[in-house]
Amino acid sequence: MKTRRLTGFISLVTIVAALFPVAAASAGPTDLGTDLAKYVDPLIGTAPPGMINPGPAVPYGMVDVGPDTEGPINYGGYYYINNTITGFSHIHMSAGVARGGEIPIMPVTGPVQLGDNINDATLGQGSPVPNYSSPFNHATETAEAGYYKVLLEKYATTAELTATTHVGVHRYTFPAGVAASVVIDPSRDLKGYQNDASVSADGQYVTGYVVSDDAGGVKVYFAATFDRAFTTQITGNTAVLSFDSAGGRVIGKVGISYVDIDGAKANIAAEVPGWDFDAVHSAARAAWNEALGTIEVTSSNPADLISFYTALYHAQLFPNIVSDADGRYLGFEAEAGQTPQIHQSDRPHYSEFSLWDSYRGQNQLLAVINPDAYLDMTLSLLDMYRQGGYLPRWTYANRDPGHMSGDPVIPFIGEGWCRGVLDGMSQDDAAELMQGMRALRDRRNPDYDALGYIPVGRPANSWFDALQGGESQAGTTLEYGIADFSLALMQHQAEGAADQRALDGSTRYRNLMDLDAVHAGSGNSGWNRARHSDGSWLQEFIPENGYGYQEGTSWQYSWLAMQDLGGLIERMGGDANVQDRLDKFFNLPASAAPVAWPKVQNQTTVFGIDYHGNQYAPGNEHDLEVPYVYNYAGAPWKTQAVTRGALSIYTPTPDGLPGNDDLGALSGWVVWSMLGIYPITPGAPLYTLASPVFETATLHMADGDLSINAPGTTYASKYIQSVSLDGAPVTKTWLTESAFSDGAHTLDFTLSAAPSMTWGTGDAAAPPSLSTNPLSDFGCSAALDLTEDEQ
C-alpha cells in the first residue's frame, strides 16, 4: 500500500555503491559469527519513499520507539533528508499512510518553549514542528538493531533509546550544570494534534492517553517514570518535567498499553523492573540475533550481507503484539458496532497486519522461520472474527482501516494451514476459521458471483478519467481470485474436495481478459480490462491507463493470477507473445544492468504508485511476482536476469528501499529473492527458482535445515546451468516445501555468466497452474481434517 504524494530523486551514492561493490577482504566468504545484528542498518529505507523509522524495537514488539522529524509525508515518522528532530515517540509503522507517532517525548535544556514554529498542513500533512525541536546531524547518529543514539544539537544533549516488547527505555545525557527537562506531549502524533488526549502526574509516574483519529479511533495509554526526582508543570495536554540543575544522565521508562494505564505500568514492572539501560539494550540485541539466526548466509560482499539481514530485520518488525504482558488486550467489537471488551489470553495477541501487501513473500517467510508466532498470529485473526464479526483486511490495534482491496487474510491463513503450521490448533478452531473465510465471500459485492467480475461505472470523460485512475473493481476481482484459490486449496486438503464456488472464483481473472484488445506497441491481445455491468468493456482502452485498478494499470495487474499463470499465458497468446510483453515490461536488456535503469524505471512511476507507462517498478506489491513469470513462459534465464536487476536497487543506503515497506512486505520479497527461491503462489507452499545471491545459505526450518549452495555466484555469474536436491537433478523450475520439510536437505546450484537456454524449459518444467494441474500438485500438506465437521 503506497502513498499518493511523493517526490523522487536518484541517489548517486546508491548507483556508485552498486556498480562498484565493496571488495572482499579475502578470496572467499567468511564465517559471520553469531552477532548477525551487526549487519542490520536501520537507516536503510529512511530516505523517501521507504517510510522506515530507524528507532529500536524487538521482534514483533508493541513499542517501536524512535525519532520523529519534520514533515511533510514522513509516514514512518523520520526522513533521512530532514534535519530536525521533533521528539521520540513510541509507535511507528512503515506504511503508506500517516499512522503512529504516539506519545512523543523530548529532552530539553534551559527555558522550555512550547507551541509550534512551523505547521506544514498546507503541504499535505499536518505535521507540527514544535518550538522545542532540535537540529541534528547524521555524523552524530547511530542506529543499530535494538538501539538508537543521536546528539540534539540545540541542547548539547545525547539521547539513547532501546526497547522491550512493551516499553521504550530512554537515556539522556545532559551537559553539566544546566536545567534539564523532558517534554511529554501526548496530544501530538504524526498527523498533528489530536483533540482527545490527557496527561497527569503523581510524582512517580506521568500517565495519560491519546485517541488517534485513525481507523475510527485507537486509544493508547502510557505511563512514564524516571530514575531521578522531577517536578511537573502541565499546560493543556503537555507535561514538562523538570530535573535539578546538575545535568548528567536521566533514564526514563515509558510503557504503553491499548487497555489502560494500569496495563502500561504493569508492562514496565514486568519487563524493565530496574534502571540498567545497557542490560535492556543487550537483551534487545540478543533477541534480534536469535530472530536473524533463522537464516544464515555467507558472502564476500558486505553490501549483500547488510541488505539481506536488514530485510530480514524489517520483515520481523511486524505484525505487532498488542496484548499486555499480563495477556490482556482490547477486542475487535467496535468493528461490529459494539463497545470493545477487555479479553485475556494465554498467548500473545497480534495486530498491525498489512495483509494486502504481505502475501507476496512476508507471510511465507514468517510461517517458515517462526511457525509458533505464526500460529499465534492466525489465532489472533480468529479472535478478531469472533469479536468483530469478520476477518479483517488491514489491522491497526483493535480496528480495521480496510486499506486496499480483496480478501488477503485468506492466503495469510493458507500459508500456515498448508504448511502444517496450524496443525496445533483444535479442530473446532480450524472449523471456525474455515467458516470465517467462507463468510468473507458473503461480504463481497454481489456482482462478483452474479457476473463473474465486479463492474466499473462509466467515466464521464473516458480518456481523462481513465488516466486518473478511478474505480478499482478490476483489481479487486483479481484479488478475490487469489483468495478463492487459497480457500479452495485449504478445503481440498481439509475436507477432501474444494467447493465449486471457490474454484469458480479462482479463475475469474479470465472474465476480465479481453482477447481482442490490441494496442500498438504494447503487445497483442489478452489484456486485463475493466468491464461494465452490461458486459461491455471500458472504452478508449490502453493498458497504460489506471481506471479499474489501485496504484497501477493493466500492465501491472494483468499478471495477478499467480494460481493460474499457465492459463493466463495461454490466453495471452502463448510463451513467445508473453515473453515479448515481459521484455517490454522490464525493458530488457537495459533492466538487466545493475541499478541504473531499474532505478530510473522505478522512479518514473513515483516509486511505484503512479503508473502511466509500461514499466515494471519493484516499489509496490501488486507486481512483485512478475520477474518469475518467465519461469512459466519457457525462459527461466530471463527470470534470473530481471530478478537480479530488481534486487540491485535494494541497496545498503538510506534510499535503499524502492517503495515504502508496508510493514515488511517488500523486505519479505527481498529475502526470498536473494535466497534464489520464491513462494510464487499465495497460500501454497510452492517455490519457483531463480539465482541465489549467496554462495551458501542455511534456512533453519521446523523439520530440518535447508542448505542452498551457489558457489561462484556474482552479478555476472547468475545464470543457472543445473540444480540438484540432495544430489538428484532438478530439471523443473519449482519445488514444493514437502521436498525439503522432513529433515536436512541440500539444494545445489551451478551458475555461469552465460544463460542456459535448456535448463528449466522441458516438459512440466513450469510450476503448477490451475488450468493444467490438480490442486494436489500445489503442495498443501497439513494434519487438519474437517471431513467429519463440514460447514
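The structure we're discussing is the one just above.
Presented here is a report on the structure given in the accompanying data block. Predicted model, so just to flag it, every value in this text is computed and none were measured.

### Things to note about the layout of surface pockets
Here is step 1: Space inside the second largest pocket adds up to approximately 280 Å³.
Here is step 2: Looking at the second largest pocket, it is lined by 18 residues, and the ones nearest its centre are Arg-419, Gly-420, Asp-703, Glu-737 and Ser-741.
Here is step 3: Taken together, the residues of the lining of the second largest pocket break down into 9 nonpolar, 5 polar and 4 charged.

### Looking at the environment of Gly-115
Here is step 1: Residue placement: Gly-115 occurs in the loop between strand E3 (105-109) and strand E4 (116-119).
Here is step 2: The exposure class assigned to Gly-115 is partly exposed, which follows from its relative accessible area of 37%.
Here is step 3: Separated by 13 residues in the primary sequence, Gly-115 and Pro-128 have C-alpha atoms spaced 9.1 Å apart.

### Focus on the sheet that holds strand E16 (residues 218-226)
Here is step 1: Strand order across the open sheet formed by 8 strands is E7-E8-E9-E10-E19-E16-E15-E14, with antiparallel pairing between neighbours. For this open sheet the edge positions go to strand E7 (142-144) and strand E14 (197-201), each flanked by a neighbour on one side alone. With direction set aside, neighbouring strand axes in the sheet form an average angle of 15°.
Here is step 2: With 7 bridges joining them, strand E15 (residues 206-212) and E16 adopt antiparallel strand pairing. Within E16, the position partnered with Val-206 by the bridge is Ala-224.
Here is step 3: Across the sheet, helix H3 (residues 277-292) is in contact with E7, strand E8 (147-152), strand E9 (157-163), strand E10 (167-174) and strand E19 (248-257); its angle to E9 comes to roughly 50°.

### Observations concerning the pattern of salt bridges
Here is step 1: Scanning all chains against the criterion turns up 30 salt bridges.
Here is step 2: Arg-171 is the salt-bridge partner of Asp-278, the closest N and O atoms lying 3.2 Å from each other. With Asp-278 in helix H3 and Arg-171 in strand E10, the pair connects residues that are 107 residues apart, well separated along the chain.
Here is step 3: Note that Asp-407 and Arg-444 form a salt bridge whose closest N and O atoms lie 2.8 Å from each other. Of this pair, Asp-407 sits in the loop between helix H7 (371-388) and helix H8 (409-418) while Arg-444 is found in the loop between helix H9 (427-442) and helix H10 (447-451), placing the two residues 37 residues apart along the sequence.

### Some points on unusual backbone geometry
Here is step 1: In this chain, Pro-48 is followed by Pro-49 through a cis amide linkage whose omega measures 5°.
Here is step 2: If you trace the backbone, Pro-49 turns up in the loop between helix H1 (12-19) and strand E1 (66-69).
Here is step 3: The step from Phe-318 to Pro-319 runs through a cis peptide bond, and the omega angle for that step is -10°.
Here is step 4: Structurally, the position occupied by Pro-319 is in the loop between helix H4 (302-315) and strand E21 (320-321).
Here is step 5: If you check the backbone angles, Leu-663 has positive phi at about 60° while not being a glycine.
Here is step 6: Position of Leu-663 among the secondary structure elements: in the loop between helix H18 (636-647) and helix H19 (665-675).

### Quick look at H7
Here is step 1: Here H7 spans 25 Å end to end across 18 residues, near enough to the 26 Å set by a 1.5 Å rise per residue.
Here is step 2: Most of H7 is tucked away: 15 of the 18 residues are buried.
Here is step 3: Remark: Gly-389 follows H7 within two positions and exhibits a positive phi of approximately 95°.

### A closer look at the state of the cysteines
Here is step 1: Within the structure shown, the criterion is met by 1 disulfide.
Here is step 2: One disulfide bridge connects Cys-418 with Cys-780, the sulfur atoms lying 2.1 Å from each other. The S-S bond linking Cys-418 to Cys-780 shows a torsion near -80°; that makes this disulfide left-handed. A residue pair is termed long-range when its members are at least 10 positions apart, and Cys-418 in helix H8 and Cys-780 in the segment after strand E34 (745-752) qualify at 362 residues.

Rules behind the numbers
- Residues numbered from 1 in each chain as written.
- Predicted model: local features only at pLDDT ≥ 70, side-chain atom pairs only at ≥ 80, totals over all residues.
- Heavy atoms only, no water.
- 1 Å grid on protein atoms, 1.4 Å probe; cavity = no way out; pocket = protein on both sides within 12 Å on 5 of 7 lines; lining within 4 Å.
- Points joined across faces, edges and corners; volume = space filled by probe spheres on them.
- Nonpolar A, V, L, I, M, F, W, Y, C, P; charged D, E, K, R; others polar.
- Helix = DSSP H or I, 4+ residues; strand = E, 2+ residues; numbered from the N terminus.
- Buried < 20%, exposed > 50% of the residue type's maximum accessible area, 1.4 Å probe, protein only.
- Pairing = 2+ DSSP bridges.
- Axes fitted to C-alpha atoms, helices over the stretch in contact; angles between N-to-C directions.
- Contact = heavy atoms within 4.5 Å.
- Salt bridge = Lys/Arg side-chain N within 4 Å of Asp/Glu carboxyl O.
- Expected span 1.5 Å × (residues − 1).
- Disulfide = S-S within 2.5 Å.

Everything listed here is a matter of coordinates, which is why it stays silent on function.
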